[in-house]
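Listed here are the chains, written in short residue letters.
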Amino acid sequence: MNFELTEELLAVRDLSKKIAEEEVAGRAREIDRQARYPIEIFEVYRQTGLLGLCIPVEYGGAGMGTMGLTLAIEEVAKYSSAAALMLLLTRLASGPILIAGTESQKQKYLAGIANGSLKGSFALSEVQAGSDVKGILTNAKPVGADSSTWVINGRKCWISGISQADFFVVFAKTLDKNDATRASISCFIVDRDTDGLSIGSVDRKLGVKGVDTGELILDDVVVDQDAMLGEVGGFKLAMLALNSMRPIVAARGIGLAEGCIAYAVDYMKTRRAFNRSISEFQGLRWEIAKLVTELEAARLLTYRAAFLIDEGHFTKEYVPYLSMSKYYATEMAVRASSLSLQVMGAAGYMEDHPLELYYRDAKQLTIVEGTSQIQLDLIARGVFDGDISW
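No experiment lies behind these values; they were computed from the predicted model shown. (Residues numbered from 1 in each chain as written. Predicted model: local features only at pLDDT ≥ 70, side-chain atom pairs only at ≥ 80, totals over all residues. Heavy atoms only, no water.)

Student: Residue-level account of the layout of surface pockets, with values.
Tutor: Space inside the largest pocket adds up to approximately 1,300 Å³. Here the lining of the largest pocket is built from residues that sort into 22 nonpolar, twelve polar and 15 charged. What the second largest pocket holds in volume is close to 730 Å³. Contributing to the lining of the second largest pocket are 21 residues, with Asn2, Phe3, Leu5, Met67 and Tyr303 lying nearest its centre. Of all elements in the fold, only α1 (7-24), α4 (65-77) and α10 (282-310) reach the threshold of two or more residues within the lining of the second largest pocket. Take the lining of the second largest pocket: its biggest share by element is six residues, from α10. Partitioned by chemical class, the residues of the lining of the second largest pocket number ten nonpolar, three polar and eight charged. (1 Å grid on protein atoms, 1.4 Å probe; cavity = no way out; pocket = protein on both sides within 12 Å on 5 of 7 lines; lining within 4 Å. Points joined across faces, edges and corners; volume = space filled by probe spheres on them. Nonpolar A, V, L, I, M, F, W, Y, C, P; charged D, E, K, R; others polar. Helix = DSSP H or I, 4+ residues; strand = E, 2+ residues; numbered from the N terminus.)

Next up, the structure:
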């Protein structure tokens, strides 16, 4: 068992840290206030190769896998959750393509993500089907004498990166061509300029305002069979794609918590009360100590999960370990933002300091890509099904 990062991964971490400090930190507040997509940060990511961290080398990426992207997101999230989400979306949209895409799909879309010419978005959630994935109503019906095309109708909601995406990975209910009574969920790549596809309302959010989320409308959208990812019946593909995202979301939580704690500790060293620095108060010191211990536990869970995914281990028997990372790291981020704000008192509540921004951004992490409650259910299922045992 080796807890050391390779030289290549250390280089990714150091580069990401440099970019985060020089390009992201000074823009975080502006991004939030203006609720604008920071295209200048995207360009830095493109020029430095961070957009292709998780993309295999044969498709123009860096081939650094989930671990490489996890490290980069952790560094960026210390300053801006929105800027970290921009990196996360390079994996969220490419995940189903990596898992089930044809060679031509990979050559087009993975290469496009890696070189920055394409941005993708993952369209699964619907108003009545957030955690209940099987409850989606968006449907795709085969048409034509040879059933070589599909017509998609439906509405997706809370889709991250919706305003910026050049293509969407869309999940829809389909009927088996050989059995009209058998409905399943399948996956399609739909380009933004496809007739019938439009953007509906854009959400007004509590936090993470630099990357839009909103409604995707599909009104008689016609796609060729070549647009399908995998075979008819892509529910498993949706689950595998989400499973493989757990440590990447967790990395946003780790980075956010690190940013909170570092800022609060610096403040505590200079803030005086009762004739001494508040960093000398035992009660506050112990709270920070407990929080830092939780942070390190979250980091170990997350790095292990990233390692498992890079080894190809994101099927059912590994799900509990992946879910642990997402659950623990994101809930820890909420605690870190709350406690860090609290130790700063009234100052922490003001926009003069970044803690109120961290506080607003943190909560999103416990909801997106599988709520904390869904993660707990998956962990419990692993226990009672025997996937976790001692």
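Student: Give me helix α11 (residues 319-343): which residues, what numbers.
Tutor: Think of an α-helix as 3.6 residues a turn; residues three or four steps apart then line up on the same face. With 25 residues, α11 should reach 36 Å at 1.5 Å per residue; the first-to-last C-alpha distance of 36 Å fits that figure. Directly after α11, the chain includes Gly345, whose backbone phi takes a positive value near 65°. (Expected span 1.5 Å × (residues − 1).)

Student: Mind laying out unusual backbone geometry, listing which residues take part and the relevant values?
Tutor: In this structure, Val208 is a non-glycine residue whose phi angle is positive, near 50°. Residue classification places Val208 among the buried positions, given a relative accessible area of 1%. Notably, Asn275 is not glycine yet its phi reads approximately 70°, a positive angle. Summarising the element assignment, Asn275 is placed in the loop between β9 (272-273) and β10 (276-277). (Buried < 20%, exposed > 50% of the residue type's maximum accessible area, 1.4 Å probe, protein only.)

Student: Kindly report on the packing of helix α3 (residues 39-48) against helix α5 (residues 81-92), identifying the contributing residues and their values.
Tutor: The interhelical angle for the contact between α3 and α5, taken along N-to-C directions, is 45°, at an axis separation of 11 Å. If you check the angle between α3 and α5, you find them oblique. In terms of crossing hand, the pair formed by α3 and α5 is right-handed. Residues Ile41, Phe42 and Tyr45 of α3 lie in contact with α5, whose contacting residues are Ala83, Met86 and Leu87. Class assignment of the residues belonging to the contact of α3 with α5 gives a composition of six nonpolar, no polar and no charged. (Axes fitted to C-alpha atoms, helices over the stretch in contact; angles between N-to-C directions. Parallel < 35°, antiparallel > 145°, perpendicular 65-115°, else oblique. Left-handed = near helix turned anticlockwise from the far one by under 90°. Contact = heavy atoms within 4.5 Å.)

Student: Help me get a handle on the side chain of Lys119, residues and values and all.
Tutor: For Lys119, the position within the fold is in the loop between α7 (103-115) and β1 (120-123). For the buried residue Lys119, which engages in no salt bridge, the nearest side chain bearing the opposite charge is Asp166, 4.9 Å off. Among residues more than four places away in sequence, those in contact with Lys119 are Tyr37, Ile39, Phe42, Gln164, Ala165, Asp166 and Phe167. (Lys, Arg positive; Asp, Glu negative; His and termini not counted. Salt bridge = Lys/Arg side-chain N within 4 Å of Asp/Glu carboxyl O.)

Student: Describe the packing of aromatic side chains, with residues and values.
Tutor: In this structure the tally under the stated criterion is five aromatic pairs. Across the ring face of Phe235, the terminal group of Lys134 is positioned such that the distance to the ring centre comes to 4.9 Å. Directly above the ring of Tyr328 sits Arg335, whose terminal nitrogen or CZ lies 5.8 Å from the centroid. (Phe/Tyr/Trp six-rings, centres within 6.5 Å; stacked < 30°, edge-to-face > 60°. Lys NZ or Arg CZ within 6 Å of the ring centre and 35° of its normal.)

Student: If you had to explain the pattern of salt bridges to someone new, which residues and values would you point to?
Tutor: Per the stated rule, a full pass over the model turns up 25 salt bridges. The closest approach of N and O atoms between Lys18 and Glu22, which form a salt bridge, is 3.1 Å. You can see Lys18 and its partner Glu22 sitting in helix α1, four residues apart, about one turn around the helix. For Lys18, a relative accessible area of 44% corresponds to the partly exposed category. In this structure, the salt-bridge partner of Glu294 is Arg335, at a minimum N-O distance of 2.5 Å. Remark: Arg335 occurs in helix α11 and Glu294 occurs in helix α10; sequence separation between them is 41 residues.

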